[in-house]
Number of protein chains: 2
Amino acid sequence: MASMMFTDCSSSTTSLLIHLNRRSSTTLLRQSVGQLRLRTTVSGRACSLSIRSADAASDKVIDGKAVAKTIRDEITVEVSRMKESIGVVPGLAVILVGDRKDSATYVRNKKKACESVGIQSFEVRLAEDSSEEEVMKSVSGFNDDPSVHGILVQLPLPSHMDEQNILNAVSIEKDVDGFHPLNIGRLAMRGREPLFVPCTPKGCIELLHRYNVDIKGKRAVVIGRSNIVGMPAALLLQREDATVTIIHSRTKNPEEITREADIIISAVGQPNMVRGSWIKPGAVLIDVGINPVEDPDAPRGYRLVGDICYEEASKVASAITPVPGGVGPMTIAMLLSNTLTSAKRIHNFQ
Amino acid sequence: MASMMFTDCSSSTTSLLIHLNRRSSTTLLRQSVGQLRLRTTVSGRACSLSIRSADAASDKVIDGKAVAKTIRDEITVEVSRMKESIGVVPGLAVILVGDRKDSATYVRNKKKACESVGIQSFEVRLAEDSSEEEVMKSVSGFNDDPSVHGILVQLPLPSHMDEQNILNAVSIEKDVDGFHPLNIGRLAMRGREPLFVPCTPKGCIELLHRYNVDIKGKRAVVIGRSNIVGMPAALLLQREDATVTIIHSRTKNPEEITREADIIISAVGQPNMVRGSWIKPGAVLIDVGINPVEDPDAPRGYRLVGDICYEEASKVASAITPVPGGVGPMTIAMLLSNTLTSAKRIHNFQ
């Protein structure tokens with residue numbers, strides 16, 4: 001688990017009580033970056049925020065970084081084969097509007113990932129005060145450009161723009177993010193096939209597949225119902241014949257439901273919300289949450305933890321993704337995979 | 001409950017053992033039309049196939065026929081107001097291909113329902129051996145016809161036709177069935193609104209609303225995951241903040257899951273599959289199943305029962321839809337509602 005970047009600071013955590021559901025007395029732990037340094041234990045269930053790599057039972061770890069590497073290698077071979085066979089190089093275009101540092105980092109990483117597998121990358125950067133029309137013009141240009149097989153509009157867009165309008169303008173054949181309602185509709189419907197599956201939930205399922213986790217007939221719980229992760233993850237699990245329950249902020253006693261799950265995918269953005277006591281022995285846990293928590297000992301003053309309390313959960317589960325090094329690397333790998341798929345489809349290349 | 005058509009023949013039933021899930025030892029009861037008259041009791045759980053109306057605890061009955069009547073009355077008022085205000089009469093077009101008697105009956109009923117509320121109905125009947133192009137031509141004609149605000153292609157289509165192709169050809173603005181993947185996608189996505197919600201699941205939720213059943217924060221179980229009922233019903237319940245689980249043919253021990261449900265919507269097409277022991281006391285039950293079972297004492301030689309064993313379930317539940325007279329009448333009422341909504345939207349009439 002060379003990919004794990006956890007540092008040991010389990011004694012410098014704070015827990016803040018919140019009500020996930022105002023209508024029940026269920027209380028959950030939430031780590032608040034702004035209120036760290038004061039340690040509170042609720043019902044003896046405080047979760048230390050991090051672990052040393054050595055603490056993890058390594059045979060239980062679902063190593064997303066390693067799987068993503070394997071997938072990138074597979075894509076490299078395919079990209080090369082395509083180029084040699086028909087002279088076509090898959091292309092991914094990214095549109096970045098404004099000066100958000102995090103967005104710029106994401107775009108840079110995507111560009112680097114493209115380069116690493118031989119996919120051509122295109123980029124348009126527009127100023128924060130650009131008009132919606134200017135963004136639309138870029139989208140339209142990439143829609144018509146035969147060298148571009150996938151188009152990504154980096155979110156969030158500046159608030160004066162209509163995100164839905166812009167995303168809807170992306171050609172369905174190049175919607176490698178898979179967020180178009182037509183793709184989501186096809187994902188939901190039996191007998192229909194989406195052109196693209198959203199990258200993060202696709203990465204979650206890919207991890208289950210690569211680790212030979214049986215999905216059919218299993219009880220699966222998805223925590224969170226976002227359009228980009230929770231909802232499509234639930235649809236994917238259902239397509240694979242799991243019996244799926246979606247837990248969200250209005251769910252009462254979520255831990256009673258998670259305790260029945262053979263598979264949990266958590267994508268809720270609450271550090272360490274899912275405790276060891278929430279988990280059925282032997283369950284498989286996929287943690288999509290990447291939550292920064294303050295840590296003066298970390299080089300940047302913070303570190304990343306998941307939605308699932310790794311230290312507790314790894315003792316109960318049969319397999320678990322670390323944060324970072326779990327789902328994260330899979331998202332970009334799936335984006336590359338979608339771009340390759342798109343290029344193959346457009347050029348009818350098997 | 002004047003609408004109930006149940007006859008008393010609780011002693012002339014047969015149950016047939018099936019495995020809902022081959023991988024578990026769960027056994028379920030299924031009534032088979034072809035093998036009636038031989039009574040079998042499995043684990044003492046045989047469900048009598050029908051009840052006298054008088055047997056039902058009438059204060060528990062969710063009277064779909066009465067609610068549908070109220071809705072039709074509301075639609076009549078709105079259709080009339082629209083006609084008087086802007087001179088527009090909502091129009092519904094139905095395309096019927098082939099000679100299936102059941103399809104012809106459904107189309108006739110829809111036509112009658114339209115007439116009863118003042119909606120104009122259009123109909124095209126095509127021969128069984130028509131070409132796909134002929135059907136497409138009819139769809140296209142209605143797409144372009146400004147008097148038509150809703151288009152229905154009666155299913156099933158003859159086997160030589162591509163159902164998806166034809167359904168996809170219906171203009172999204174006139175897809176009153178709500179089956180277009182774009183509508184389903186919008187239904188699945190938070191912050192998006194479908195143009196139309198499929199009629200039967202919409203009718204289920206409307207019944208819950210009209211009977212003031214609290215949905216938010218409740219555990220809901222949908223039995224069946226069809227594109228036309230189960231899946232969209234689950235999406236609708238989730239939009240209303242229920243915690244939803246979908247049960248299907250691969251689900252192990254479904255009764256353990258239904259026992260936790262505050263609301264059950266069953267759309268599986270298995271007569272009396274859901275037994276009293278499957279139900280949490282006080283649960284609200286919506287039965288979409290309309291299953292014919294042989295009954296020599298009935299005028300037509302058969303009668304209709306739901307997926308839920310009404311006799312047992314009505315003793316445990318706080319509210320339950322009868323079959324017939326429950327969800328059935330709501331489906332057509334919602335079709336009329338969708339047609340009115342479409343006409344209002346197209347003509348920007350509030």
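Reading guide: rules and limits
- Residues numbered from 1 in each chain as written.
- Chains lettered and ligands numbered in written order.
- Predicted model: local features only at pLDDT ≥ 70, side-chain atom pairs only at ≥ 80, totals over all residues.
- Heavy atoms only, no water.
- UniProt positions renumbered as here; feature names shortened; annotations may be inferred.
- Least-squares fit on C-alpha atoms with pLDDT ≥ 70 in both.
- Contact = heavy atoms within 4.5 Å.
- Buried area = accessible area lost by both parts, 1.4 Å probe.
- Salt bridge = Lys/Arg side-chain N within 4 Å of Asp/Glu carboxyl O.
- Polar contact = N/O pair within 3.5 Å; in protein donor to acceptor, adjacent residues only side chain to side chain.
- Helix = DSSP H or I, 4+ residues; strand = E, 2+ residues; numbered from the N terminus.
- Nonpolar A, V, L, I, M, F, W, Y, C, P; charged D, E, K, R; others polar.
- Expected span 1.5 Å × (residues − 1).
- Buried < 20%, exposed > 50% of the residue type's maximum accessible area, 1.4 Å probe, protein only.
- Pairing = 2+ DSSP bridges.
- Right-handed = clockwise from strand over helix to strand, strands pointing away.
- Axes fitted to C-alpha atoms, helices over the stretch in contact; angles between N-to-C directions.
- Parallel < 35°, antiparallel > 145°, perpendicular 65-115°, else oblique.
- Phe/Tyr/Trp six-rings, centres within 6.5 Å; stacked < 30°, edge-to-face > 60°.
- Lys NZ or Arg CZ within 6 Å of the ring centre and 35° of its normal.
- Core = buried A, V, L, I, M, F, W, Y, C linked by side-chain atoms within 4.5 Å.

The name given to chain A in an unreviewed UniProt entry is Methenyltetrahydrofolate cyclohydrolase, with Thlaspi arvense as the source organism. What the UniProt record of chain A gives under Pathway (unreviewed entry) is the line "One-carbon metabolism; tetrahydrofolate interconversion." Listed under Sequence similarities (unreviewed entry) in UniProt, the entry text for chain A is "Belongs to the tetrahydrofolate dehydrogenase/cyclohydrolase family."

Q: Could you give me a rundown of the relation of the copies chain A and chain B, with the residues and numbers involved?
A: Note: a rotation about an axis with an accompanying shift along it relates these two copies of the chain. Once chain A is rotated about the relating axis by 180° and shifted along it by 0.0 Å, it coincides with chain B to within an RMSD of 0.1 Å. Seen this way, the second copy is the image of the first under a two-fold rotation axis. Among all C-alpha atoms of chain A, that of Gly185 of chain A lies closest to the rotation axis, at 1.7 Å. The fraction of interface residues of chain A whose copies in chain B are also interface residues reaches 100%, indicating that both copies meet through the same surface.

Q: I'd like to hear about the interface of chain A and chain B, residue by residue, with values.
A: It is common to report an interface's size as the accessible area lost on association of the parts. In this complex, chain A contributes 36 residues to the contact, which on the side of chain B involves 36 residues. Between chain A and chain B, the buried area comes to about 3,500 Å², and carbon and sulfur atoms account for 47% of it. Counting the contacts that link chain A with chain B gives 4 salt bridges. One salt bridge connects Asp241 of chain A with Arg225 of chain B, and the closest N-O pair in it is separated by 2.7 Å. Taken together, the links from chain A to chain B amount to 17 residue pairs in polar contact (both at pLDDT 80 or more). Of all the elements in the fold, those that place two or more residues in the side of chain A that touches chain B are α4 (163-169), α5 (181-188), α7 (230-239) and β7 (243-247) of chain A. At 6 residues, the largest contribution of residues to the side of chain A that touches chain B is made by α5 of chain A. Across the side of chain A that touches chain B, the residue classes break down as 11 nonpolar, 12 polar and 13 charged.

Q: Account for helix α6 (residues 199-210) of chain B, with residues named and values stated.
A: All names here are of chain B. With 12 residues, α6 extends 16 Å between its outermost C-alpha atoms, agreeing within 8% with the 16 Å of an ideal straight helix rising 1.5 Å per residue. A large share of α6 lies buried, amounting to 10 of its 12 residues. Of the residues making up α6, those classed as buried are Cys199, Thr200, Pro201, Lys202, Gly203, Cys204, Ile205, Glu206, Leu207 and Leu208. Tucked inside the fold, the buried residues of α6 contact α1 (64-86), α7 (230-239), β8 (263-266), β9 (284-287) and α10 (328-346). Downstream of α6 by one or two residues, Asn212 has phi in the positive range, about 55°.

Q: Which residues make up the environment of Lys202 of chain B, and what values go with them?
A: Residue and element names in this part refer to chain B. The topology assignment puts Lys202 in helix α6. Ignoring any residue separated from it by four or fewer positions in sequence, one finds Lys202 in contact with Val197, Leu236, Met334, Ser337 and Asn338. Reaching out from Lys202, the side chain makes a polar contact with the side chain of Ser337 at a distance of 3.4 Å.

Q: Go over unusual backbone geometry, please, and point to the residues and values.
A: Backbone torsion omega between Leu155 of chain B and Pro156 of chain B reads 0°, so that peptide bond is classified as cis. With respect to the helices, strands and loops of the structure, Pro156 of chain B is situated in the loop between β5 (150-153) and α4 (163-169). The backbone phi angle of Asn348 of chain A is positive, close to 50°, even though this residue is not glycine. Although it is not a glycine, Asn253 of chain B adopts a positive phi angle of roughly 45°. Relative to the assigned elements, Asn253 of chain B resides in the loop between β7 (243-247) and α8 (254-258). Taking the relative accessible area as the measure of exposure, Asn253 of chain B reaches 26% and is therefore partly exposed.

Q: Tell me about the pairing of β7 of chain A, and name the residues and values.
A: A regular strand places its side chains so that they alternate between the two faces of the sheet. Residues and elements named next belong to chain A. With 5 of 5 residues buried, β7 is to be regarded as a mostly interior element. A two-sided burial pattern is seen for β7, the buried positions comprising Thr243, Thr245 and Ile247 on one face and Val244 and Ile246 on the other. The pairing of strand β6 (residues 219-223) with β7 spans 5 bridges and is parallel. Bridge pairing links Arg219 to Thr243 in β7. Once the chain exits β6 it traverses α7 before rejoining the sheet at β7, and the crossover so formed is right-handed.

Q: Quick rundown of the packing of α6 of chain B against α10 of chain B? Include the residues and the values.
A: Residue and element names in this part refer to chain B. Look at α6 against α10: their axes get within 8 Å of each other, and the N-to-C directions meet at 105°. By the angle between their directions, the pair α6 and α10 is classed as roughly perpendicular. Of the residues in α10, those in contact with Cys199, Thr200, Lys202, Gly203, Glu206 and Leu207 of α6 are Met330, Thr331, Met334, Leu335, Ser337 and Asn338. Its residues placed into classes, the contact of α6 with α10 shows 5 nonpolar, 5 polar and 2 charged.

Q: Account for α10 of chain B, with residues named and values stated.
A: Residue and element names in this part refer to chain B. Helix length check: α10, at 19 residues, gives a terminal C-alpha distance of 28 Å against a target of 27 Å (1.5 Å per residue), a fit within 8%. Turning to α10, the residues buried within the fold contact α1, β3 (91-97), α2 (101-117), β5 and α6. After α10 finishes, the residue Asn348 shows a positive phi value of roughly 50°.

Q: Explain the packing of aromatic side chains residue by residue, including any values.
A: Tallying each qualifying case throughout the model produces 0 aromatic pairs over all chains. Over the aromatic face of Phe196 of chain A sits the side chain of Arg345 of chain A, whose NZ or CZ is 4.8 Å from the ring centroid.

Q: Residue-level account of the nonpolar core, with values.
A: If you look at the biggest cluster of nonpolar residues, it comprises 125 residues, and the most contacted ones within it are Leu208, Leu237 and Ile265 of chain A together with Leu208, Leu237 and Ile265 of chain B. The residues touching Leu208 of chain A, leaving out its near neighbours within four places in the chain, are Val213, Ile215, Leu237, Ile263, Val284 and Ile286 of chain A.

Q: Tell me about the pairing of strand β9 (residues 284-287) of chain A, and please be specific about residues and values.
A: All names here are of chain A. Across the two faces of β9 the burial is the same, with Val284 and Ile286 and Leu285 and Asp287 all buried. Bridge count between strand β8 (residues 263-266) and β9: 4 bridges; the pairing is parallel. Residue pairing across strands places Ile265 opposite Ile286, the latter belonging to β9. Across 2 bridges, the pairing between β9 and strand β12 (residues 319-320) is parallel. Its bridge partner being in β12, Leu285 is matched across the sheet by Ile320.

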